[in-house]
Each structure stands twice: as C-alpha cells, then as structure tokens.
Amino acid sequence: MSIGLTNWAGKLLDLRRRLGLPVGLLYLMHRSLLRATGGAADLQFHRLLIQPVRKHGILPCHLAGPLVVRQLAPEDPEIAGALSRADDLPHRLARGDCCIAAFRDGRRVGHLWLCFGPFDEVESACRFVLPAGRGAWDYDIYVTEEERGGPVFPALWDAAWGVLRERGLEWTASRISGFNDVSLRSHVRLGARPVGWLVLVRLGRCLVLAGSVRPWFRVTCRPAEPIEVNFRTVQV
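Residues numbered from 1 in each chain as written. Predicted model: local features only at pLDDT ≥ 70, side-chain atom pairs only at ≥ 80, totals over all residues. Heavy atoms only, no water.

1. Some points on the nonpolar core
Membership of the largest hydrophobic core comes to 29 residues, with the highest contact counts inside it found for F128, W137 and F231. When neighbours within four sequence positions are excluded, F128 is seen to be in contact with L48, G117, P118, F119, E121, W137, R175, L198, V229 and F231. By size, the runner-up hydrophobic cluster in this structure holds 22 residues, among which are C98, I100, V152 and A160. (Core = buried A, V, L, I, M, F, W, Y, C linked by side-chain atoms within 4.5 Å. Buried < 20%, exposed > 50% of the residue type's maximum accessible area, 1.4 Å probe, protein only. Contact = heavy atoms within 4.5 Å.)

2. Looking at the environment of R189
Position of R189 among the secondary structure elements: in helix α6 (residues 181-189). Side-chain polar atoms of R189 contact the side chain of S186, separated by 3.4 Å. (Helix = DSSP H or I, 4+ residues; strand = E, 2+ residues; numbered from the N terminus. Polar contact = N/O pair within 3.5 Å; in protein donor to acceptor, adjacent residues only side chain to side chain.)

3. Overview of unusual backbone geometry
Peptide bonds are mostly trans, and most non-glycine residues show a negative phi. Between R214 and the following residue, P215, the backbone shows a cis peptide bond with an omega angle of 20°. Relative to the helices and strands, P215 is located in the loop between β10 (206-211) and β11 (217-220). Although it is not a glycine, D105 sits at a positive phi angle of roughly 55°. Judged by its relative accessible area of 70%, D105 is exposed. For W216, which is not a glycine, the phi torsion comes out positive at approximately 70°. With respect to the helices and strands, W216 occurs in the loop between β10 and β11. By relative accessible area, which is 43% here, W216 ends up partly exposed.

4. Structural notes on a nonpolar patch on the surface
Residues W216, F217 and V219 make up a contiguous nonpolar surface patch of roughly 340 Å² in combined accessible area. With respect to the helices and strands, the residue V219 is situated in strand β11. (Patch = residues over 30% accessible without salt bridge, like charges linked within 9 Å, V, L, I, M, F, W, Y side chains within 5 Å. Areas by Shrake-Rupley, 256 points an atom, 1.4 Å probe, with all protein chains shown as cover. Salt bridge = Lys/Arg side-chain N within 4 Å of Asp/Glu carboxyl O.)

5. With respect to the sheet that holds strand β12 (residues 227-230)
Here 3 strands make up an open sheet; going across it, the order is β5-β6-β12 and the pairing mixed. If you trace the sheet from one side to the other, it starts and ends with β5 (119-121) and β12, each paired once. In this sheet, neighbouring strand axes are inclined to one another by 25° on average, regardless of whether the strands run parallel or antiparallel. Sheet topology note: the strand β6 (residues 126-129)/β12 ladder contains 4 bridges and is parallel. Residue pairing for β12: V129 is matched across the bridge by N230. (Pairing = 2+ DSSP bridges. Axes fitted to C-alpha atoms, helices over the stretch in contact; angles between N-to-C directions.)

6. Topic: the pairing of β10
Alternating residues of β10 divide into L207, L209 and G211, all buried, and C206, V208 and A210, none buried. By the bridge criterion, 6 bridges tie strand β9 (residues 193-203) to β10 in an arrangement that is antiparallel. Bridging from a neighbouring strand, V199 pairs with A210 of β10. In this antiparallel pair of consecutive strands, β9 and β10, the connection spans 2 residues, and G204 shows a positive phi of 65°. Sheet analysis places β10 next to β11, joined by 4 bridges and oriented antiparallel. By the bridge assignment, L209 is partnered in β11 with R218. A loop of 5 residues connects β10 with β11, the two strands running antiparallel in sequence, and W216 in this loop sits at a positive phi of about 70°.

7. Details of the state of the cysteines
Under the criterion given, the structure shown has 1 disulfide. The disulfide partner of C206 is C221, and the gap between their sulfur atoms is 2.0 Å. Looking along the S-S bond of the C206-C221 disulfide, the torsion reads about 100°, which is the right-handed sense. A residue pair is termed long-range when its members are at least 10 positions apart, and C206 in strand β10 and C221 in the loop between β11 and β12 qualify at 15 residues. Look at C206 and you get partly exposed, because its relative accessible area is 23%. (Disulfide = S-S within 2.5 Å.)

8. Digging into the sheet that holds strand β8 (residues 171-177)
Pairing within the open sheet is mixed, and its 9 strands lie in the order β2-β3-β4-β7-β8-β1-β9-β10-β11. The outermost strands of the open sheet, each flanked by one partner alone, are β2 (68-72) and β11. Here the average twist between neighbouring strands, direction ignored, is 25°. With 3 bridges joining them, strand β7 (residues 135-143) and β8 adopt parallel strand pairing. Bridge pairing links G135 to W171 in β8. Here helix α5 (residues 152-166) sits on the sheet and contacts β1 (41-52), β2, β3 (98-104), β4 (107-115), β7 and β8; the angle it forms with β4, its principal contact strand, is near 35°. α6 contacts β1, β7 and β8 of the sheet and is inclined by roughly 165° relative to β8.

None of this, on its own, says anything about what the molecule does.
Listed below in structure tokens is the structure:
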C-alpha cells in the first residue's frame, strides 16, 4: 500500500513540475474520464499560440549537413505520406494549404503544414478563424523519432518563415495540447507566446467548449458543425 501511495505521490509531483498544478489536475481528469467511460467522454486542454515570422533563419548552414528542405507541390508523390490523416489530403489541397518537408539521404524525416484561411481541425472539432492577411495556421508538424532534438525541426521552420515572408504575413498561429509540455517548450524556444486557452469536454456526441477567446463558452451536440474560434479577438 505504501509503495502504491509513494508511486502516486511521485506522479503527482512530476505532473505539477511539468504542467503546473491546475493543468496537472485537468490531465488527471482527462485520464480518469477516458478510463471510466471507455473513451465515450474526454477532457482536453489546449494552449493557443502566436509565433512571429522571423526575418532570418535560425539554423546555421554547417549544422544542416545533407538535410534538404523543400515545399511539396500537389503532384509530388511524397505529399501523400507527409500528413497524419491520409484521407485529409484532398481537403488540404483544395483549401490551398502548403506542405514543407525535410529529407535526409532521400528519405523524408519531417514535415510541416500551413493553412492560409479558416482552419477546420478534426481533433478539437473547432474552426479557427484568423485576421485576414496577417497570419497563417501551422499544424501537423512531425519529425521522425531519430531526428528529434536535431536540425530537422528548426530547418522546417526556417523554410516555413520563408514562405510566410513571401506572402507578407506577420505570424503563425497554432493549437498545442496543454498536456504536451515538450511541444510547448519547443514552440516557446522559437519565439511563440501563449495568447489564449481552450477547455473541451466531450460527452458522447456533445461537446462543451470554454475558453479565453470568442465564443468563450459553447455547447453543441452537432459534431458535423465545428465550433468557430475567433482569433480576431486575440491581441497579436
């Protein structure tokens, strides 16, 4: 019994260290809901971030080595594998999204996507609306496990900032799970800053949203209709 309590105390202290007490408690609620309902109910906490477009790259050329980073055209055969959901490719291309991929020795080792209009996200069931002509939405960022902590992540961002500068855009926005402290730290190191938060509670077909941006609070039982989250109310 004492060993079990010690383990729980250790886990709680680790959560408090990594996430802070409030977010750590939300994480415990997330895990408990999933376990108690077999996945029928869930609670998620998300940070909304803004990252300014840098004028210059951050990865020195000598550190890139043989790494090649390029924007993938719609007809490029590599683009079909450079996304987390294969069935989403036609929708992304129709929307005009941009895919940037990194290759080492001809093998794709990372990718990043940019959306330049309203962004419908399946995971959060939200539609993120940005101020027209000022920013883009970054999403589906992936680096292979063996390349994490190396030059691939900054190389992808250097290329993304180049695309954004060409379009005259000032920043990129994203939604990061508040439970993913590693991803949050990576974005903060690149200059991202939090500008808001969302709590999403899913109960069967119904979704409850509470947040620091418009609409602030919403309940819907129509999963086919995303909740519109308005970034135009965010001070950027």
